[in-house]
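The primary structure of each chain is shown beneath.
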Amino acid sequence: MRFLSIYKHSERTTPPTSEEMAAMGKLVEDGFKAGWLVATEGCLPSKLGARVRRSGSNLTVTDGPFTEAKEVVGGFAILNANSKEEAIELTRQFLKVVGEGECELRQLYDAVADTKVA
């Protein structure tokens, strides 16, 4: 099964330290080697982004930063796991490295396999 892990946190105003980058780099490298990490990326600050919203026939664009938000999406990972419980444990390991924040886990639809919703 594949899961999308969406990491949300309070937006920081400083870049990660070299120690934080090294710890995350090791986790990512280990995850790819072990096969449980399929893809991952971090997001730049929200001031460089935009939100595009559709309501009925109206489309609106709001440029960042998103100061009204308590938390912003900081990045994502696609995980290979045998169960929801395993995906939760992998996410716990990630949060131990990255620190404060939360991850929303969502199982991904697999059109090739006869996937049961966990």
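In this report, we go over the structure that sits alongside the text.

The rules behind the values
Residues numbered from 1 in each chain as written. Predicted model: local features only at pLDDT ≥ 70, side-chain atom pairs only at ≥ 80, totals over all residues. Heavy atoms only, no water. Salt bridge = Lys/Arg side-chain N within 4 Å of Asp/Glu carboxyl O. Helix = DSSP H or I, 4+ residues; strand = E, 2+ residues; numbered from the N terminus. Buried < 20%, exposed > 50% of the residue type's maximum accessible area, 1.4 Å probe, protein only. Core = buried A, V, L, I, M, F, W, Y, C linked by side-chain atoms within 4.5 Å. Contact = heavy atoms within 4.5 Å. Patch = residues over 30% accessible without salt bridge, like charges linked within 9 Å, V, L, I, M, F, W, Y side chains within 5 Å. Areas by Shrake-Rupley, 256 points an atom, 1.4 Å probe, with all protein chains shown as cover. Pairing = 2+ DSSP bridges. Axes fitted to C-alpha atoms, helices over the stretch in contact; angles between N-to-C directions.

1. As for the pattern of salt bridges
Here the idea is simple: oppositely charged side chains can pair when their charged atoms come close.
No. 1: Applying the stated criterion to the full structure yields seven salt bridges.
No. 2: The residue Glu-102 makes a salt bridge to Lys-8 at a minimum N-O spacing of 3.9 Å. One end of the pair, Glu-102, is in strand S6 (residues 102-107); the other, Lys-8, is in strand S1 (residues 2-9), with 94 residues separating them in the sequence.
No. 3: A relative accessible area of 21% places Lys-8 in the partly exposed class.
No. 4: Note that Lys-26 and Asp-30 form a salt bridge whose closest N and O atoms lie 2.8 Å from each other.

2. Observations regarding the nonpolar core
No. 1: The biggest cluster of nonpolar side chains holds twelve residues, and these are Phe-3, Tyr-7, Leu-27, Trp-36, Leu-37, Ala-77, Leu-79, Ala-81, Ala-87, Leu-90, Phe-94 and Cys-103.
No. 2: Contributions of two or more residues to this core are made by S1, strand S5 (72-80) and helix H2 (84-98).
No. 3: For this core, the element with the highest residue contribution is H2, accounting for three residues.
No. 4: When neighbours within four sequence positions are excluded, Ala-81 is seen to be in contact with Met-1, Phe-3, Glu-86, Ala-87 and Leu-90.

3. Here's the deal with a nonpolar patch on the surface
No. 1: Where nonpolar side chains cluster on the molecular surface, the patch consists of Val-52, Leu-59 and Val-61 and spans about 330 Å² of accessible area.
No. 2: Position of Leu-59 among the secondary structure elements: in strand S4 (residues 58-63).

4. So, the sheet that holds S5
Through backbone hydrogen bonds, the strands of a sheet pair up, either in parallel or in antiparallel fashion.
No. 1: The antiparallel open sheet is built from four strands, whose spatial order is S2-S5-S1-S6. Each edge of the sheet is formed by a strand with only one pairing partner; in this case those strands are strand S2 (37-42) and S6. Each neighbouring strand pair of the sheet contributes to a mean axis angle of 20°, computed without reference to strand direction.
No. 2: Summarising the sheet, S2 and S5 pair through five bridges and their orientation is antiparallel.

5. A closer look at the pairing of S1
No. 1: Here S1 shows one buried face, formed by Phe-3, Ser-5, Tyr-7 and His-9, and one open face, formed by Arg-2, Leu-4, Ile-6 and Lys-8.
No. 2: Here S1 runs beside S5; their pairing, made up of eight bridges, is antiparallel. Considered in S5, the bridge of Ser-5 is made with Ala-77.
No. 3: With six bridges joining them, S1 and S6 adopt antiparallel strand pairing. Residue pairing across strands places Ser-5 opposite Leu-105, the latter belonging to S6.

6. Notes on the environment of Lys-47
No. 1: Note that Lys-47 resides in the loop between S2 and strand S3 (50-55).
No. 2: Classification of Lys-47 as exposed rests on a relative accessible area of 57%.
No. 3: When the C-alpha atoms of Lys-47 and Asp-63 are compared, they prove to be 7.3 Å apart, with 16 residues separating the residues in sequence.
No. 4: Residues in contact with Lys-47, not counting those within four places in the same chain, are Gly-64 and Pro-65.

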